[in-house]
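Each chain is listed here by its residues.
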Amino acid sequence: MGALGTAAMASMEERLPWFRALPAENRSWIGLVAQAGIAAVAGEVFGTAPRELARAVSLQQTVEMVRITIDVVEAQVDQLAAPGGEAELREAVLRYTREIAFGAAQVYARTAEARGAWDARLEALVVDSLVRGEGGDGLHSWAAALNWSSAPVAVIAGIADDGEPEGIIEDLRAIARRSRLDLLAGVQGSRLVVVLGGSADGLAAARQLAGRFGPGPVVVGHAVPDLQTAGPSAAAALAGLRVAPAWPDAPRPVLAADLLPERALDGDEAARAELLADVYEPMLRGGTALVETVTTYLEQGFSLEAASRLLFVHPNTVRYRLRRVTDLTGLSAATGRSGFTLWVAIILGRLVHKRT
């Protein structure tokens, strides 16, 4: 047995470049596995090695080593067998090879199942932490354990369909993989929360995934630089999902930023702050006449003439002021949705200014 084990190790050294690159400790453990295999103790072959060896040596590499070891034994059949028993020994070696193959498959199957279960728990923990607005070093280390390194990151929220959560997440992961994106996902009650990494256009990426969500709105949070700062994106997506029924004609998927008015009316402080900072205050800086013009124009049912009469200015002046508002906020008062957003922002601004 000692001579056969030595011969098997020498053959691996000669024929397998990856084996030569292994640390001495791992090669020593593999030598013990080979010795146990030659000793024909099928139940104990892989039990001699530590569990970590399965991560250092792949299943394909294990198969290559088993094949080499069996080749070495078969080459010595004539010297090992009793006179006239060569054929019987070769048949016994073949039967034993099958047992070794099943033993290897069982070891790697257990390792894969344990790793898969651990990854699933870790993934659920990351998603839950983002939903609860928790970050810090813990989130960073968990993400590293899941090999997450993609940026930018956006969070998508929607309704889960009636399928098994594991199947839904695997389908989403397959779609993301085809687009070379990273994905973490979790089903929380009736909600499906997806953390998507690697796409600068979260809305476009969400369109590819929307078909795997259940019926109802799919809301996309704003992009952030990395996973550690994805809490606000998750909060925006979930707040948007909560109020999306208030806009029945919303596109699917829809940006959480497009639901700012509904979110603000629902009490979302982040949405209120964004409307004040990005819509109301820029109009104020452009002159108090802009706010008055927008309000009058909206109150008069989008009529330039009626607004100009009430403001005692020429209709072209109203047009100029409305264009100025668009330049400052990116919103056009002449369209219903943007006009609604402007109106909510003005109401919030007036309330804040009244209190201060």
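For every chain, the first residue of the written sequence is number 1, and numbering continues from 1 along that sequence. Where local features are concerned, this predicted model is filtered to residues with pLDDT of at least 70; where side-chain atom pairs are given and counted, the filter is 80 or more; whole-chain, interface and lining totals use all residues. With hydrogens and water stripped out, all remaining heavy atoms of the structure feed into the side-chain values.

Participant: What is the right way to read a nonpolar patch on the surface from this model?
Facilitator: Each patch groups residues whose relative accessible area exceeds 30% and which form no salt bridge, using 9 Å between like charges and 5 Å between nonpolar side chains of Val, Leu, Ile, Met, Phe, Trp and Tyr. Here the Shrake-Rupley method, with its probe set to 1.4 Å, supplies the accessible areas, and only the displayed protein chains count as covering residues. Salt bridges, as used here, are contacts in which a Lys or Arg side-chain nitrogen is within 4 Å of a carboxyl oxygen on Asp or Glu. On the surface, Trp 343, Ile 347 and Leu 351 cluster together to form a nonpolar patch covering roughly 260 Å² of accessible area. Summarising the element assignment, Ile 347 is placed in helix α17 (residues 336-355). Think of it this way: any DSSP run of H or I at least four residues long counts as a helix, any run of E at least two long counts as a strand, and we number them from the N terminus.

Participant: Any chance you could explain the packing of aromatic side chains here in plain terms?
Facilitator: The geometry of two aromatic rings is summed up by the distance between their centres and the angle between their planes. Working definition: rings of Phe, Tyr and Trp (its six-membered ring) pair if their centres are within 6.5 Å, and the pair is stacked with planes under 30 degrees apart, edge-to-face with planes over 60 apart, and tilted otherwise. Counting across every chain of the model gives 1 aromatic pair. A ring has a charge above it when a Lys NZ or an Arg CZ is no more than 6 Å from the ring centre and no more than 35 degrees off the ring normal. If you follow Arg 337 out to its NZ or CZ, it ends over the ring of Trp 247, 3.6 Å from the centre.

Participant: When you look at unusual backbone geometry in this model, what are you seeing that I'm missing?
Facilitator: Peptide bonds are mostly trans, and most non-glycine residues show a negative phi. Cis geometry is found at the peptide bond from Arg 252 to Pro 253, where omega equals 5°. Tracing the backbone through its elements, the reader meets Pro 253 in the loop between α11 (231-243) and β5 (254-255). Look at Arg 180: it is not a glycine, yet its phi comes out positive at around 60°. For Arg 180, the position within the fold is in the loop between α9 (165-178) and β2 (182-188). Throughout this description, buried means an accessible area under 20% of the type-specific maximum (1.4 Å probe, protein chains only), exposed means over 50%, and partly exposed covers the range between. Here Arg 180 falls in the exposed class, since its relative accessible area comes to 80%. You will see that Phe 302, though not glycine, has its phi angle at about 65°, which is positive. Structurally, Phe 302 can be placed in the loop between α14 (288-299) and α15 (304-311).

Participant: Please clarify how helix α10 (residues 202-209) should be interpreted in this entry.
Facilitator: An α-helix turns once per 3.6 residues; consequently, residues spaced three or four apart project the same way. For α10, the set of buried residues is Gly 202, Leu 203, Ala 205, Ala 206 and Leu 209. Along the axis of α10, the buried positions cluster into a sector of 160°, meaning they face one direction only. Throughout, a contact is declared for two residues whenever any of their heavy atoms are within 4.5 Å. At its buried positions, α10 is contacted by β1 (153-159), α9, β2, β3 (191-197), β4 (218-220) and β5. Here the arc refers to the set of directions running from the helix axis out to each C-beta atom.

Participant: Even after reading the chapter, I still don't get the environment of Glu 164, so can you show me in this structure?
Facilitator: Relative to the helices and strands, Glu 164 is located in the loop between β1 and α9. Among the residues examined, Glu 164 registers a relative accessible area of 60% and is labelled exposed. Distance from Glu 164 to Val 187, taken between C-alpha atoms, is 9.6 Å for residues 23 residues apart in sequence.

Participant: What's the story with the side chain of Glu 262 in this structure? I'm lost.
Facilitator: Relative to the helices and strands, Glu 262 resides in helix α12 (residues 260-265). A relative accessible area of 8% places Glu 262 in the buried class. At 2.6 Å, the side chain of Glu 262 forms a polar contact with the side chain of Arg 337. Definition of a polar contact: a pair of N or O atoms within 3.5 Å, with one able to donate and the other able to accept a hydrogen when the atoms are protein atoms, and with sequence-neighbouring residues admitted only if both atoms are side-chain atoms.

Participant: Can you walk me through the confidence of the model for the protein in this structure?
Facilitator: For any part of a model where pLDDT is low, the fine detail of the predicted coordinates should not be relied upon. Per-residue confidence for the protein averages 82 on the pLDDT scale, and 82% of its residues sit at or above 70. Every residue in residues 114-118 scores below 50 in pLDDT, and together they form 1 contact with partners more than four places removed in sequence or on other chains. Per-residue confidence from the predictor is reported as pLDDT, a score between 0 and 100.

Participant: Would you mind going over the sheet that holds β5 with me for this structure?
Facilitator: Sheets are built from strands paired through backbone hydrogen bonds, the pairs being either parallel or antiparallel. DSSP calls a pair of strands paired once it identifies at least 2 bridges connecting them. The strand order β2-β3-β1-β4-β5 describes an open sheet built from 5 strands, whose pairing is mixed. For this open sheet the edge positions go to β2 and β5, each flanked by a neighbour on one side alone. When β1 meets β3, the two strands line up antiparallel, connected through 7 bridges. From the neighbouring strand, Ile 159 faces β3, where its bridge partner is Arg 191. Contacting β2 and β3, α9 runs over the sheet at an angle of about 160° to β2. Helix axes are fitted only over the stretch in contact, all axes being lines through C-alpha atoms; the angle between N-to-C directions runs from 0 to 180 degrees.

Participant: Help me understand the nonpolar core, please; the structure alone is not making it clear to me.
Facilitator: Definition of nonpolar core: a set of buried residues of the types Ala, Val, Leu, Ile, Met, Phe, Trp, Tyr and Cys, connected through side-chain atoms within 4.5 Å. Judged by nonpolar contacts, the single largest core of 26 residues is most densely connected at Leu 275, Val 279, Met 283, Val 294, Tyr 297, Leu 322 and Leu 342. Mapped by element, the contributors of at least two residues to this core are α12, α13 (269-285), α14, α15, α16 (315-329) and α17. It is α13 that provides the largest number of residues to this core, a total of 6 residues. Ignoring sequence-local partners within four residues, the contact set of Leu 275 consists of Leu 260, Pro 261, Ala 264, Tyr 280, Thr 341, Val 344, Ala 345 and Leu 348. If you look at the next biggest cluster of nonpolar residues, it comprises 25 residues, including Val 126, Trp 148, Val 195 and Ala 236.

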